[in-house]
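Residue strings, one per chain:
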Amino acid sequence: MATQNTTVAQQTPRKVIRAATLNVAMSPDQVYPQQRVRVTLTVVNTGNVPITGVSTTDRLPQGFTYVTGSANGSPDLVSKTPTVNSHGALVWNFKTLAPGKQASVWFDLISGEGVTGTRCTVALLDPVGIHGVQGSACVSVVAKPKPAPKPSPKPLPKPAPKPSPKPVPQPI
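Residues numbered from 1 in each chain as written. Predicted model: local features only at pLDDT ≥ 70, side-chain atom pairs only at ≥ 80, totals over all residues. Heavy atoms only, no water.

What follows concerns the pairing of strand S9 (residues 102-111). Side-chain positions along a regular strand alternate between the two faces of the sheet. For S9, the buried fraction is high: 7 of the 10 residues fall into the buried class. Pairing between strand S3 (residues 36-45) and S9: 9 bridges, direction antiparallel. From the neighbouring strand, Thr 40 faces S9, where its bridge partner is Trp 106. Sheet analysis places strand S5 (residues 64-66) next to S9, joined by 3 bridges and oriented antiparallel. Counted as the bridge partner of Tyr 66 is Leu 109 from S9. Summarising the sheet, strand S6 (residues 72-73) and S9 pair through 2 bridges and their orientation is antiparallel. Residue pairing in the sheet places Asn 72 in a bridge with Trp 106 of S9. (Buried < 20%, exposed > 50% of the residue type's maximum accessible area, 1.4 Å probe, protein only. Helix = DSSP H or I, 4+ residues; strand = E, 2+ residues; numbered from the N terminus. Pairing = 2+ DSSP bridges.)

Turning our eyes to something else, we now look at the sheet that holds strand S11 (residues 133-141). The strands that make up a sheet pair up through hydrogen bonds in the backbone, lying either parallel or antiparallel. The strand order across the open sheet built from 6 strands is S2-S11-S10-S4-S8-S7, with neighbouring strands paired in mixed fashion. On the outer flanks of this sheet lie strand S2 (30-31) and strand S7 (83-84), each paired with one strand and no other. Note: strand S4 (residues 55-59) against strand S10 (residues 117-125), 4 bridges, orientation antiparallel. Paired with Thr 56 across the strands is Leu 125, a residue of S10.

Right under this line is the structure:
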């Protein structure tokens, strides 16, 4: 009598996890008015399935404007030119991100004349099926130091008066 052992492999259904993070950075962390600051947005697929329809919406800090043509990014960035939504925010679109992959965009902003104080950019992540992911970063805009007053030249000392010649006695 022959015996036969049979092993049955049972597959357990994999739980689908759709998750992502958004990291936002600004550099340098302090600028003067009318100076540039670099913003970097990085999306990371932390789930176990690809995420599609990935976009970020970046609300610019008050008093800052986007420097046209300054954007660059990872190969997953669809375009180096953002679209601008009805609120004036920059929208960046990315290709599908595989699990564990990341995509980035970086671009420059310039602070307006007279802008001072702490200014923050807030970015929202909107891949299909994932909501509520946002990030922010801040920069301090400080007033330009006023130039030191030029020292006024010291007046030259007045020359000492020349002694008057002593009168020479005249014969009478």
